[in-house]
Amino acid sequence: MPGDPRAEDGRMRQRLASARQAADPGRARAMRSAAATMIDAVVAAAETLGVPRAAMLAAAGLRERDLQAPGIRVAYDRCVALWDRIERAVGDPLVAVRLARAMPAVGHAALFQYITRAAPTIELAWQRVAPLIGLMFGEGYEVVTRRADACWELGYRLPVHGDPPIPRSEETMVASFVELCRSAAPTFSPRAVCFQHRGG
């Protein structure tokens, strides 16, 4: 007997998704890194939460003067060490939201605030802000903006063949954009912001 066409369609989509992830296995692994100037924003915000600045710089392998050098990037493993240090020090599963709310107060969100406020819609604000994601994640990410019925979805995908995501870093990026939108358009009030990370 023929199977349920909806189930077949679901299996086909699953196969396509799997094939997309497995495609081109010989290509170079995408290496992630973050601009030191963006690390400066994270460090400044975390410092307001009581995380020792010297300990964060040591974890990131940076000197104080490196934070203002636009050409310096911080390697992935150093970024992981930094976020681990922040997470352990704060001890709050919502540390990303607290960091996102602290960044404007320490003067590290002016450019993003200007871009968001100058855009007539949140969708357009995302399209303008998205190219700056590379400052935090490096190259190779894919910006996503798509409509579904009366709603729309925006975000980004990191390369499949690359370093795995750093959960608190991803959360801070998303929470920061939500906070920017709230400051620019007070009526913007999502019911929830949910995160789901792959288990270790």
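Whatever comes next refers back to the structure up there.
Computed from a predicted model, the values in this text were never measured in an experiment.

1. Considerations on the overall build of the protein chain
Move 1: Across its full length, the protein chain holds nine helices and four strands.
Move 2: Going from N to C terminus, the protein chain has its helices and strands arranged as α-β-α-α-β-α-α-α-α-α-β-β-α.
Move 3: Classification of the 200 residues of the protein chain by burial places 37% in the buried group.
Move 4: Summarising the internal contacts of the protein chain: among those between residues at least 6 apart in sequence, 63% fall at separations of at least 24.
Move 5: Accessible surface, the protein chain as shown: approximately 12000 Å² in total, 55% of it carbon and sulfur.

2. What to know about the nonpolar core
Move 1: Membership of the largest hydrophobic core comes to 44 residues, with the highest contact counts inside it found for I39, I86 and I133.
Move 2: The residues contacting I133, other than those within four sequence positions of it, are W126, G138, Y141, Y156 and M173.

3. Considerations on the pattern of salt bridges
Move 1: In total, this model carries nine salt bridges according to the counting rule given.
Move 2: Across the pair R168 and E171 runs a salt bridge, and its minimum N-O distance is 2.9 Å. With R168 and E171 both in helix α9 (residues 167-184), this residue pair falls three residues apart, about one helical turn. Taken individually, R168 and E171 each receive the classification buried, so the pair is uniform in this respect.
Move 3: Salt bridges linked by common partners bring D40, E47, R53 and E64 together as one network.

4. Quick word on the packing of aromatic side chains
The description of an aromatic ring pair uses the distance of the two centres, along with the angle that the planes make with each other.
Move 1: This model, assessed by the stated rule, comprises one aromatic pair.
Move 2: Pairing W126 with F177 gives two aromatic rings, centres 4.9 Å apart and planes at 70°, and the pair type is edge-to-face. Pair noted here: W126 is in helix α7 (residues 122-129) and F177 is in helix α9, with a separation of 51 residues, a long-range link.
Move 3: Residue class for W126 comes out buried when judged on its relative accessible area of 4%.
Move 4: Accessibility expressed as a relative area gives 8% for F177, which makes it buried.

5. Section: the pairing of strand β3 (residues 142-148)
Move 1: In this structure, β3 lies alongside strand β4 (residues 151-157), joined through seven bridges in antiparallel fashion. Residue R146 lies in a different strand from β4, and its bridge partner there is E153.

6. Observations regarding helix α3 (residues 53-60)
Move 1: Within α3 the residues assigned to the buried category are M56, L57, A59 and A60. The buried residues of α3 occupy one face: seen down the axis, they fall within an arc of 160°. Exposed side chains of α3 directed beyond 90 degrees from the buried face belong to A54 and A58.
Move 2: Check the buried side of α3 and you find it contacts α2 (36-48), β2 (73-75) and α4 (76-90).
Move 3: Of the residues trailing α3, G61 is marked for its positive phi of about 70°.

7. Digging into the side chain of E171
Move 1: Using a relative accessible area of 7% as the deciding quantity, one classes E171 as buried.
Move 2: Looking at E171, its side chain comes within polar contact range of the side chain of R168, at 2.9 Å.

8. Quick notes on the packing of helix α6 (residues 110-118) against α7
Move 1: Packing of α6 against α7 brings their axes to within 8 Å, and their N-to-C directions diverge by 140°. Handedness of the α6/α7 crossing: right-handed. When α6 is examined against α7, the residues F112, I115, T116 and A118 are found in contact with a partner set consisting of A125, R128 and V129.

9. Focus: the packing of α3 against α4
Move 1: For the pair α3 and α4, interaxial distance at closest approach is 7 Å and the crossing angle is 155°. The angle between α3 and α4 places the two elements in the roughly antiparallel class. Across from A55, M56, A58, A59 and A60 in α3, the residues of α4 making contact are R78, A81, L82, R85 and I86.
Move 2: In terms of residue class, the contact of α3 with α4 is made up of eight nonpolar, no polar and two charged.

10. A short note on the environment of G61
Move 1: With respect to the helices and strands, the residue G61 is situated in the loop between α3 and β2.
Move 2: For the pair G61 and V74, spaced 13 residues apart in the sequence, the C-alpha separation amounts to 7.8 Å.

Parameters and conventions
- Residues numbered from 1 in each chain as written.
- Predicted model: local features only at pLDDT ≥ 70, side-chain atom pairs only at ≥ 80, totals over all residues.
- Heavy atoms only, no water.
- Helix = DSSP H or I, 4+ residues; strand = E, 2+ residues; numbered from the N terminus.
- Buried < 20%, exposed > 50% of the residue type's maximum accessible area, 1.4 Å probe, protein only.
- Contact = heavy atoms within 4.5 Å.
- Areas by Shrake-Rupley, 256 points an atom, 1.4 Å probe, with all protein chains shown as cover.
- Core = buried A, V, L, I, M, F, W, Y, C linked by side-chain atoms within 4.5 Å.
- Salt bridge = Lys/Arg side-chain N within 4 Å of Asp/Glu carboxyl O.
- Phe/Tyr/Trp six-rings, centres within 6.5 Å; stacked < 30°, edge-to-face > 60°.
- Pairing = 2+ DSSP bridges.
- Arc of directions from axis to C-beta.
- Polar contact = N/O pair within 3.5 Å; in protein donor to acceptor, adjacent residues only side chain to side chain.
- Axes fitted to C-alpha atoms, helices over the stretch in contact; angles between N-to-C directions.
- Left-handed = near helix turned anticlockwise from the far one by under 90°.
- Parallel < 35°, antiparallel > 145°, perpendicular 65-115°, else oblique.
- Nonpolar A, V, L, I, M, F, W, Y, C, P; charged D, E, K, R; others polar.

In short, geometric facts, not functional conclusions.
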